[in-house]
Amino acid sequence: MATPLIDAFGRSITYLRLSVTDRCDLRCVYCMKARPEFLPKSELLTLEELTHVADAFIRRGVSKIRITGGEPLVRRDILTLIENLGARIGSTGLEEVCLTTNATQLPRFAKQIAAAGIKRINVSLDTLDPDRFDRLTRGGRLSDTLDGIEAAAAAGLKIKINTVALKSGNADELDHLVSWSHRHGHDITFIEVMPVGDVGFDRADQFLPLSAVRERFEQIWTLNDLPDRTGGPARYVRVEETGGRVGFITPLTENFCAGCNRVRLTCTGQLYMCLGQSGRVDLRTALREGGPEALDQALDEAMRAKPEAHDFDVSPGAAPAVPRTMAHTGG
Ligand code: SAM
Ligand code: SF4
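Residues numbered from 1 in each chain as written. Chains lettered and ligands numbered in written order. Predicted model: local features only at pLDDT ≥ 70, side-chain atom pairs only at ≥ 80, totals over all residues. Heavy atoms only, no water.

1. Regarding the environment of serine 143
Within the secondary structure, serine 143 is located in helix H5 (residues 142-154). Serine 143 gets classed as partly exposed once you look at its relative accessible area, which sits at 38%. Placed 15 residues apart in sequence, serine 143 and leucine 128 show a C-alpha to C-alpha distance of 9.4 Å. (Helix = DSSP H or I, 4+ residues; strand = E, 2+ residues; numbered from the N terminus. Buried < 20%, exposed > 50% of the residue type's maximum accessible area, 1.4 Å probe, protein only.)

2. Structural notes on the packing of helix H9 (residues 283-290) against helix H10 (residues 292-305)
Contact geometry for H9 and H10: axes closest at 7 Å, N-to-C directions at 155°. Taken together, the axes of H9 and H10 lie roughly antiparallel to each other. Helix-helix and strand crossings are classified by hand; for H9 and H10 the assignment is right-handed. Residue-level contacts link Leu283, Ala286, Leu287 and Gly290 of H9 to Pro292, Ala294, Leu295, Ala298 and Leu299 of H10. (Axes fitted to C-alpha atoms, helices over the stretch in contact; angles between N-to-C directions. Parallel < 35°, antiparallel > 145°, perpendicular 65-115°, else oblique. Left-handed = near helix turned anticlockwise from the far one by under 90°. Contact = heavy atoms within 4.5 Å.)

3. Some words on the pattern of salt bridges
Counting across every chain of the model gives 14 salt bridges. Across the pair aspartate 175 and arginine 216 runs a salt bridge whose closest N-O atoms are separated by 3.5 Å. In this pair, aspartate 175 is assigned in helix H6 (residues 174-183) and arginine 216 in helix H8 (residues 210-220), connecting sequence segments 41 residues apart. Among the salt bridges present, the one from aspartate 187 reaches arginine 245, with a minimum N-O distance of 3.0 Å. With aspartate 187 in strand S6 (residues 187-192) and arginine 245 in strand S9 (residues 245-249), this residue pair connects regions lying 58 residues apart in the sequence. (Salt bridge = Lys/Arg side-chain N within 4 Å of Asp/Glu carboxyl O.)

So far we have only geometry, and geometry alone does not tell us how the molecule works.
And the structure:
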């Protein structure tokens, strides 16, 4: 293996989040504006280029790749990329390819995704109420996501539910989401809303600290802390009464940057070393104009430039930490 990716703070980078599109068939209120301006398709890396970049990371020791977006499954021919990356599992240092999706397209794709070697997917689901789902996603249908989850489970994919905790959006049904997820055999992770991109709302009106959510759960269930970190920022508990796991991702109330092991590539080939900072390295130019050697040098530059931490602020009236939305960077 070539030189491993280690940043200036000694953190080993072994996890790449690969955004394949900024487009989506939903418009979640915390993620994007009602009428987002999407990038021209001509600016996107081709699937072949995405594979080349992924290979450069794998050579440098990346063992996990998550395909994300936007909604990754709305990109045309996305299965080709999933199959290409799936084929690298085991034969290279790549150990796992995962997917984060809103599940609407899974009835079409779940079987092929499982056949490509993907074992686990994250599905975003913020409510089990159809009207609320329509409101929070600005026009989505809950049944589409539930059908997708069912198709994925039938295909043998292990599913983790991701839920963004929203003060005025779903705060009153988070325990219900836990019960539902565990009844269906899925773990669930809650995420604090992050102030990335202008989505047309003050983040202070959306932000719900997960410390309050946990306190509420402790009134209902016995929560036993688990040591599992699964290489990510979530802290897990097991709910004694249901047997299932609940994760908490707390970028605001409990910073976890010291253990950060990831970088994010946008669909246009820009590598962001931190979700909440603007520094980036242009891998598209490196790839197109310089080839593999230039790509390697660009990765070295990225390691030198990876910041120590984000500085998110969700106080009333605070500006977004960065102008780009989560769908742009790849959540
Ligand atoms: N469309 C796919 C989905 O929704 O799962 C993948 C992309 S989406 C940007 C990835 C994750 O980011 C989702 O779980 C979503 O809930 C989360 N997300 C989006 N905007 C966020 C924000 N401002 N703060 C926290 N999480 C956010
Ligand atoms: Fe689309 Fe995912 Fe963003 Fe919702 S969170 S708008 S599903 S990209």
